[in-house]
Amino acid sequence: MAEKGSDLLYDFCCNVCEEKNVNKEAMFYCQKCSKGLCEDCEGLHKMFYSLHIAYEKGEIDKWPATTKSFDDLQFCQHHSDRLIEMFCEDHGKLCCALCLFHEHRPCVKLVLITEKTQAVYDAGDFHQISASINDAQQKLETAIDDTQEFLKELQDSYEKASEEIKGLRQKINDILDELERKTVHSLDNMLQKLKHSLQSNEKKCFKATDGFKKISDAINKVKKDPKDLSFIAYQKALEMVSQAENLLKTLIVHRGSVVTFNSNPSIYGTLSGFSSLGNIECAEIQPEKSKHRILEFTTKSLYNIRIASDTSQWDIRGICELPGGDILIADRKNKRVKLIDAMYKVVAHLDMPTLLWDMCSISPTEVAVTVSSWRNTKTVQFLKVNNRQIVKQRVLKFPHHCNGISRYKEHLFISSFTALYKYTMDGQLVKKIYQDTSYTYSVYKCAVSPDGSRLYVTNYSLNKLLILSMDGTVLSSLDDPALRGPTGIHVSETGLLLICGYISKNVVQMDDDGGVVTLTSKEDCLDGPESVYYSAITGRLIVGNQNGNILVAKIKC
């Protein structure tokens, strides 16, 4: 509901105000009155009904369920006046009639909502979704807190940069002030020097003038008597005239002297050549290393995925989980991909021409499988799941053996036992990232960190996990006695790194200190595990055994 003059919508409105045609949000609810109350009405309600309890929003479980949220659930997100009727399993989308007509007519697997509802309840997924929602909400709340912290850090960095700019300007001002002081000092010195010279000549002129007065008076007296002094006066007068002429010559030289200032052209030229006092850049904050949760389990169960037509010893090399909870596995020795439902029963399978080595997810319903023999076949087969059937798509051929495979955005990373390659999604080689030919299985399987900054490679021969940069530089390695014969490797969407120990018969998780924690081992009937998968959404760990069983462990929330 909305207040007068506003477009605000409320799940609960004040029923008292509503009777007066005024729409306000209810902040309290009285069960005895069966009414929502705004803050003003709650005060009056407390006066008249002191024994009634008005529950706040923090006690929402005491409030009635709002029908608005249920109404919103029924309608299509894209066509708000249409009810949701179907679910497209090909795209994992809820559909109304218009969606079906315009976007999903070519789709094979369209299921009625009633059928999917029953399937979700049978699998127990509906009861698990609340835990997934709570987990997602906690992550979002953490993200909000982090964003607010980042905004504060951003503002702090702005103020710091602003102070640095002012500080630089002050330093420049100080330098210019010093240059000005020295230049003015030179100007003062020059002025004093020239003034001293001119004033000295002026004194000489005054002195010469006085001398001429005296000699003139003497000459006038000599003309009268005595005459023998005439020559002396004459000679002195000549000397004084000569001195005066020399003085006048000096005065001519210095008479027009003035001081001028010629600026240093390099100062202006240099400063005017700058567009700013410095560069403003966006520097990524290096976050503190996040603390990854060590997985703990409530239950561990073994499931046999053998089917009647299997002809060989089982060897599970790849695992991927689909959005609906179904699982795809790569059964190497039986040369087939199997689709397993939520009850861990094989519901479909697809045979391949030769041995399977690994599997990675491409899209919600598509995977890529390495299908490679020791001689001729060296391929990656793309598969799609439609209507619970596994359908072959395109196939890529390579000049080397294909063992491990991982995807990041629009690139595939493929290991060949001795090298790691980066390819485009259509099979074009980008580069050979890393190579080690000193041992047979030095580059066994691979994985990519969620942010695409790191590559992980298992070195089976040396019992090591290698951590590489995206250009192939070895950043570090893990060599722990608890992990022997590392094979399968998986990085979850939350960044958890899980590794299979074929010889040590266990699955370990790499901790934040660069060590390992054993999650499950031979005590749980593990036998040569070569594949592992963990989903934070479903909260389960799936491990593929050499004996054909899969171990499923439920994670503590």
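Residues numbered from 1 in each chain as written. Predicted model: local features only at pLDDT ≥ 70, side-chain atom pairs only at ≥ 80, totals over all residues. Heavy atoms only, no water.

A. Focus on the overall build of the chain. Scanning the chain from terminus to terminus reveals 8 helices and 30 strands. What you see for the chain is a C-alpha radius of gyration of 46 Å, clearly larger than the 24 Å of a compact globule of 557 residues, by over 25%. A principal-axis box enclosing the C-alpha atoms of the chain has dimensions of 160 × 90 × 50 Å. Per-residue burial over the chain gives 36% buried out of 557 residues. Sequence-distant contacts in the chain: of pairs separated by 6 or more residues, those separated by 24 or more amount to 42%. Carbon together with sulfur atoms contributes 54% to the accessible area of the chain, which is approximately 33900 Å² in total. Of the side chains in the chain, 69 bear a positive and 72 a negative charge, and the two mean positions are spaced by 9 Å. (Helix = DSSP H or I, 4+ residues; strand = E, 2+ residues; numbered from the N terminus. Rg over C-alpha atoms; globule rule 2.2 N^0.38 Å. Buried < 20%, exposed > 50% of the residue type's maximum accessible area, 1.4 Å probe, protein only. Contact = heavy atoms within 4.5 Å. Areas by Shrake-Rupley, 256 points an atom, 1.4 Å probe, with all protein chains shown as cover. Lys, Arg positive; Asp, Glu negative; His and termini not counted. Charge placed at Lys NZ, Arg CZ, Asp CG, Glu CD.)

B. Focus on the sheet that holds strand E25 (residues 497-501). Spatially, the 4 strands line up as an open sheet ordered E24-E25-E26-E27, and their pairing is antiparallel. Taken across any chain shown, the strands that pair with only one partner, and hence form the sheet edges, are strand E24 (486-491) and strand E27 (516-520). Taking the axes of each pair of neighbouring strands and ignoring which way they run, one obtains an average angle of 30° across the sheet. (Pairing = 2+ DSSP bridges. Axes fitted to C-alpha atoms, helices over the stretch in contact; angles between N-to-C directions.)

C. Quick look at the packing of aromatic side chains. The full count for this structure, using the stated rule, is 12 aromatic pairs. Ring geometry for Tyr441 versus Tyr444: centroids 5.9 Å apart, planes at 80°, classification edge-to-face. On the accessibility criterion, Tyr441 (27% relative accessible area) is partly exposed. Put simply, the rings of Trp357, Phe417, Tyr441, Tyr444, Tyr460 and Tyr502 touch in pairs and so form one group of aromatic residues. Arg105 extends its terminal NZ or CZ atom over the ring of Phe101, reaching a point 4.5 Å from the ring centre. For Arg332, the ring lying beneath its charged end belongs to Trp357, and the centroid distance is 4.4 Å. (Phe/Tyr/Trp six-rings, centres within 6.5 Å; stacked < 30°, edge-to-face > 60°. Lys NZ or Arg CZ within 6 Å of the ring centre and 35° of its normal.)

D. View of the confidence of the model for the chain. Of all residues in the chain, 91% attain a pLDDT of 70 or more, and the chain-wide mean is 86. Low confidence marks residues 1-6, where pLDDT is under 50. Its contacts with residues over four positions away, or in another chain, come to 17 contacts. (pLDDT = per-residue confidence, 0-100.)

E. Spotlight on the pairing of strand E15 (residues 389-397). Bridge count between strand E14 (residues 378-386) and E15: 7 bridges; the pairing is antiparallel. Note on E15: the bridge partner recorded for Val380 is Leu396. Where E14 hands over to E15, the hairpin turn is made up of 2 residues, of which Asn387 adopts a positive phi near 55°.

F. Spatial organisation of the sheet that holds strand E28 (residues 531-535). Strand order in the open sheet formed by 4 strands is E7-E30-E29-E28, with antiparallel pairing between adjacent strands. Two strands lie at the open edges of the sheet, namely strand E7 (297-304) and E28, each paired on one side alone. Put simply, the sheet's adjacent strands are angled 15° from each other on average, direction ignored.

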